[in-house]
Amino acid sequence: MSTNGKVHIPVGQEAVELKGWYGAHKFLIWRRISQAFFLFLFLMGPWLGIWWVKGNLASSLTFDFLPLSDPFITLQMIFARHWPGTTALVGAFLVILVYAQIGGRVYCSWVCPINPVTDGASWLHRKLGIQKGWQPKRSARIWILGTVLLVSFATGTIAWEVINPITMLHRGLVFGMGWVWGLVAAIFLFDLFVARHGWCGHVCPVGAFYGLIGARSLLRISAVKRDACDDCMDCYAVCPEIHVISPALKGKGEATPLILSPDCTNCGRCIDVCAMDVFAFTNRFDTHVEAPTDAVSDPEPPTQNAA
Amino acid sequence: MATPAKPKKIDRRRFLTDTARMAAGCAVGGSLLAYVARDAKALPDQALRPPGALAEDDFLAACVRCGLCVRDCPYDTLVLAELGQDGPATGTPYFTARDIPCEMCDDIPCIAACPTGALDKGLTNIEHAQMGTAVLVDQENCLNFLGLRCDVCYRVCPMIDEAITLEPRHNERSGAHAIFEPIVHAEHCTGCGICEKKCVLPEAAIKVLPVRLARGTPHEHYRKGWEEKDAKGAPVVEGIIDLPDRLPGPGTDNLAAPGGYIDGLVDGLPAMPKGNFGGSFEPTFKLPGVGQ
Ligand code: SF4
Ligand code: SF4
Ligand code: SF4
Ligand code: SF4
């Protein structure tokens with residue numbers, strides 16, 4: 001799997017040795033904090049009686065003033081032939097505005113309550129060394145997105161909300177669970193045994209829609225020090241959207257080091273797990289590539305650093 | 001020339017098969033989703049939507065299940081349906097009259113909170129709400145129908161004397177008392193559910209049902225003659241013939257002799273049996289102004 005004689009070193013171990021545990025888990029930790037924070041905002045009302053935020057991820061009102069609505073649900077509403085109320089429209093517009101800048105799929109990795117579930121499945125998947133299983137095309141979710149809109153139109157309902165595990169889990173946590181745990185368990189098992197990264201990477205049309213929103217977002221990951229890469233493949237092991245890495249990391253010369261695929265969730269795990277600190281957050285206009293520094297204690301530097 | 005053309009051909013074929021596969025998969029998945037979505041449209045009979053809710057079909061196109069209406073209901077009337085436990089489409093708001101009825105807030109905070117228009121902002125007077133219609137479903141157990149003076153549903157109704165009135169009627173059983181029938185007038189009933197909540201029986205004799213269950217509809221062309229007459233201020237048809245009234249009792253279809261036979265008048269019928277009929281009509285029960 002890896003080169004340079006580092007066979008079967010557990011994913012990320014090198015990074016932990018070089019950068020310390022926190023340094024090798026920084027973005028993971030901050031992501032979990034962010035996910036917990038957004039959930040807590042909604043739980044403060046029912047748990048503590050502090051109603052800063054009311055509603056749920058489908059639509060909410062913050063400080064009795066700021067409306068936010070899920071744009072994909074709002075779009076389904078329009079397809080179901082109901083013109084949204086102004087509050088919902090403004091809410092959806094604000095959400096689109098923000099995610100168009102920071103990357104649509106930041107929702108997936110920093111906010112969505114299903115993400116810890118699928119991350120957990122992916123982690124266990126790696127530990128158990130399970131085959132990657134069924135891998136439909138990444139474009140499947142775009143097809144599903146289109147299908148959902150069609151079904152919304154045909155049935156006159158907000159169709160995806162009948163099965164959407166994201167809002168169901170969130171609503172369950174904030175309003176009352178019912179049988180939602182079963183659904184969450186089903187997604188966990190699907191990702192673990194049926195398809196690696198199956199739900200978020202291949203199926204979920206909500207993520208696909210946020211991806212489209214953020215297709216031209218400012219905030220991007222760049223393989224700035226790609227010439228220092230020692231091909232340990234750890235980033236490929238942790239990335240939920242593996243295919244986005246190669247064009248940036250393996251690009252030569254003029255090829256941009258930016259990860260420009262709308263599928264990238266800006267989760268920053270590649271930054272964490274890379275012992276060579278190849279990746280960094282930057283903006284979409286920053287195309288510079290750094291030459292490897294001597295400080296990198298790589299006994300056998302790759303040969304292609306002439307570029 | 002042949003070499004670059006070949007992979008292109010394969011690419012196109014792969015593209016077509018991939019596309020076909022995706023389309024087929026989406027057709028299957030989409031049908032399933034449509035099936036589930038349609039199935040989820042069924043609304044149980046005792047679940048009532050919040051005030052101002054659009055008609056059920058339109059409501060499901062509009063409600064994003066955010067629960068903002070639930071949060072702003074000061075009486076905790078509204079709840080969001082929980083997956084697999086409550087009847088209405090999962091996550092949609094509803095209330096059960098017998099648990100917590102709607103208190104008909106003047107400012108209707110639930111409607112104000114709704115961001116999508118699923119609860120119609122056009123409803124500004126809660127007294128015009130139509131969450132359902134009360135129906136006195138069990139006249140055999142309603143205490144008022146038994147001749148007692150319970151009156152509870154009537155007294156608690158926020159639309160007292162409009163949505164529910166008490167209609168006195170003679171009590172046949174005792175022969176000396178009145179029965180005060182609680183009668184619901186659907187056009188004034190908001191469906192708040194307070195009557196059902198407060199009915200003193202272990203299982204309410206008056207229940208609030210969705211309007212589609214509670215009410216019939218007249219044919220388009222029906223006109224009520226007496227209303228037309230009032231509107232016109234004169235009989236609708238000039239020179240109308242006043243036909244003899246039919247009375248209950250044997251042989252009442254014989255208009256020549258209402259209430260009885262005349263021997264030999266109709267061919268083939270046996271002669272009037274002799275006995276206590278005596279050829280004259282004795283109604284089996286009393287009508288006001290008849291016999292007695
Ligand atoms: S009118 Fe008042 S009591 Fe009735 S559902 Fe709305 S908020 Fe609740
Ligand atoms: S506030 Fe409106 S959109 Fe939200 S749950 Fe209530 S009815 Fe549905
Ligand atoms: S539901 Fe009952 S209490 Fe409410 S308005 Fe109708 S009759 Fe009155
Ligand atoms: S409260 Fe119940 S029992 Fe009493 S009069 Fe009304 S329907 Fe009848």
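Residues numbered from 1 in each chain as written. Chains lettered and ligands numbered in written order. Predicted model: local features only at pLDDT ≥ 70, side-chain atom pairs only at ≥ 80, totals over all residues. Heavy atoms only, no water.

It is worth spelling out the overall build of chain A at this point. Per the secondary structure count, chain A includes 14 helices and five strands. Looking at the 307 residues of chain A, the share that counts as buried comes to 53%. Restricting the contact set of chain A to residue pairs at least 6 apart, pairs at least 24 apart contribute 74%. Positive and negative charge centroids in chain A, built from 24 and 21 side chains respectively, lie 8 Å apart. (Helix = DSSP H or I, 4+ residues; strand = E, 2+ residues; numbered from the N terminus. Buried < 20%, exposed > 50% of the residue type's maximum accessible area, 1.4 Å probe, protein only. Contact = heavy atoms within 4.5 Å. Lys, Arg positive; Asp, Glu negative; His and termini not counted. Charge placed at Lys NZ, Arg CZ, Asp CG, Glu CD.)

Along its length, chain B carries eight helices and six strands. The helix and strand sequence of chain B, counted from the amino end, reads α-α-α-β-β-α-β-α-β-β-α-β-α-α. Sorting the 292 residues of chain B into buried and exposed places 36% on the buried side. Sequence separation of at least 24 residues holds for 59% of the intrachain contacts in chain B that already meet a minimum separation of 6.

Listed as interface residues are 45 residues of chain A and, on the opposing side, 38 residues of chain B. When the area that chain A buries against chain B is broken down by residue, the three leading residues are A:Trp143, A:Val162 and A:Phe175, summing to 18%. Where chain A meets chain B, there are one salt bridge. Between B:Asp72 and A:Lys54 there is a salt bridge, and its shortest N-O distance comes to 2.8 Å. Summed over the shared surface of chain A and chain B, the result is nine residue pairs in polar contact (both at pLDDT 80 or more). For the side of chain A that touches chain B, the secondary-structure elements that each account for two or more residues are β1 (53-56), β2 (59-62), α3 (71-79), α4 (86-102), α7 (140-155) and α8 (165-175) of chain A. Top element by residues in the side of chain A that touches chain B is α7(A). It accounts for seven residues. Considering only residue class, the side of chain A that touches chain B consists of 26 nonpolar, 15 polar and four charged. (Buried area = accessible area lost by both parts, 1.4 Å probe. Salt bridge = Lys/Arg side-chain N within 4 Å of Asp/Glu carboxyl O. Polar contact = N/O pair within 3.5 Å; in protein donor to acceptor, adjacent residues only side chain to side chain. Nonpolar A, V, L, I, M, F, W, Y, C, P; charged D, E, K, R; others polar.)

With that settled, consider the confidence of the model for chain A. Residues and elements named next belong to chain A. In the predicted model, chain A carries a mean pLDDT of 85, and 92% of its residues have values of at least 70. Contacts for the low-pLDDT stretch residues 1-6, under 50 throughout, to residues beyond four places or in other chains number 12 contacts. With pLDDT under 50 throughout, residues 295-307 is counted as low confidence; its partners more than four residues away or in other chains account for 12 contacts. (pLDDT = per-residue confidence, 0-100.)

Before going further, it helps to spend a moment on unusual backbone geometry. The phi angle at A:Arg81 is positive, at roughly 75°, despite the residue not being glycine. Mapped onto the elements of the fold, A:Arg81 is located in the loop between α3 and α4. Overall, A:Arg81 belongs to the exposed group, its relative accessible area being 54%. Of note, the phi angle at B:Met104 is positive, near 55°, even though the residue is not glycine. Within the secondary structure, B:Met104 sits in the loop between β2 (93-94) and α4 (109-113). What makes B:Met104 buried here is its relative accessible area of 9%.

Of all hydrophobic cores here, the largest spans 113 residues; its most connected members are A:Tyr107, A:Leu249 and A:Phe279. Contact partners of A:Phe279, with chain neighbours within four places excluded, come to A:Ile221, A:Ser222, A:Ala223, A:Cys235, A:Ile245, A:Leu249, A:Ile259, A:Cys270, A:Ile271 and A:Cys274. Counting eight residues, the second largest nonpolar core, distinct from the first, contains A:Met77, A:Ile158, B:Cys66 and B:Ala113. (Core = buried A, V, L, I, M, F, W, Y, C linked by side-chain atoms within 4.5 Å.)

Residues and elements named next belong to chain A. Tracing the backbone shows His25 in the loop between α1 (13-23) and α2 (26-48). By relative accessible area, which is 14% here, His25 ends up buried. Non-local contacts of His25, meaning those with residues more than four positions away in its chain, are made with Val16, Arg269 and Asp272.

Right, let's talk about the environment of A:Ser122 for a bit. One can find A:Ser122 in helix α6 (residues 115-128). Considered as a pair, A:Ser122 and A:His170 are 48 residues apart in the sequence and their alpha carbons are 21 Å apart.

Here we take up the state of the cysteines. Residues and elements named next belong to chain A. Scanning the entire structure with this criterion turns up zero disulfides over all chains. Sulfur of Cys112: no disulfide; nearest cysteine sulfur belongs to Cys200 and is 6.3 Å away. You can see Cys274 has no disulfide; the closest cysteine sulfur is in Cys232, sitting 6.2 Å from it. (Disulfide = S-S within 2.5 Å.)

For ligand 4, the full set of nearby residues is B:Cys142, B:Leu143, B:Asn144, B:Cys150, B:Asp151, B:Val152, B:Cys153, B:Pro182, B:Cys199, B:Leu201, B:Ala205 and B:Ile206. When grouped by side-chain class, the residues that make up the shell around ligand 4 number 10 nonpolar, one polar and one charged. (Near = heavy atom within 4 Å.)

Any two aromatic rings considered together are summarised by their centre-to-centre distance and by the angle between their planes. The full count for this structure, using the stated rule, is eight aromatic pairs over all chains. Centre to centre, the rings of A:Tyr107 and A:Tyr210 are 4.2 Å apart; their planes meet at 15°, and the pair counts as stacked. Of this pair, A:Tyr107 sits in helix α5 (residues 106-111) while A:Tyr210 is found in helix α11 (residues 205-213), placing the two residues 103 residues apart along the sequence. An aromatic cluster is present here, built from A:Tyr99, A:Tyr107 and A:Tyr210 joined pairwise through their rings. Over the face of the ring belonging to A:Phe175 we find B:Arg71, whose NZ or CZ atom lies 3.9 Å from the ring centre. (Phe/Tyr/Trp six-rings, centres within 6.5 Å; stacked < 30°, edge-to-face > 60°. Lys NZ or Arg CZ within 6 Å of the ring centre and 35° of its normal.)

The environment of ligand 2 is made up of 13 residues, and the closest members are B:Cys63, B:Cys66, B:Gly67, B:Cys69 and B:Cys114. Of the residues assigned to the shell around ligand 2, the class counts are 10 nonpolar, two polar and one charged.

Bringing a negative patch on the surface into the picture now. The grouping of B:Asp106, B:Asp107, B:Glu127, B:Asp161 and B:Glu162 at the surface amounts to a negative patch. Within the secondary structure, B:Asp161 sits in the loop between α5 (152-156) and β4 (164-171). (Patch = residues over 30% accessible without salt bridge, like charges linked within 9 Å, V, L, I, M, F, W, Y side chains within 5 Å. Areas by Shrake-Rupley, 256 points an atom, 1.4 Å probe, with all protein chains shown as cover.)

Moving on, we come to α7(A). Residue and element names in this part refer to chain A. With 16 residues, α7 should reach 22 Å at 1.5 Å per residue; the first-to-last C-alpha distance of 22 Å fits that figure. Where α7 is concerned, the buried positions are Ala140, Arg141, Ile144, Leu145, Thr147, Val148, Leu149, Val151, Ser152 and Thr155. A positive backbone phi angle near 65° is found at Gly156, which sits one or two residues after α7. (Expected span 1.5 Å × (residues − 1).)

The next point concerns the side chain of A:Asn164. Mapped onto the elements of the fold, A:Asn164 is located in the loop between α7 and α8. Engagement of the side chain of A:Asn164 in a polar contact is seen with the backbone nitrogen of A:Ile166, the distance being 3.0 Å.

This next bit is on the sheet that holds β1(A). All names here are of chain A. Taken in spatial order, the three strands of this open sheet run β1-β2-β3, and their pairing is antiparallel. The two strands at the open ends of the sheet, each matched to only one other strand, are β1 and β3 (66-69). Pairwise comparison of adjacent strand axes, ignoring direction, gives a mean angle of 10° for this sheet. Across four bridges, β1 lies against β2 in antiparallel orientation. Each bridged residue has a counterpart across the sheet, and for Lys54 the counterpart in β2 is Leu61. (Pairing = 2+ DSSP bridges. Axes fitted to C-alpha atoms, helices over the stretch in contact; angles between N-to-C directions.)

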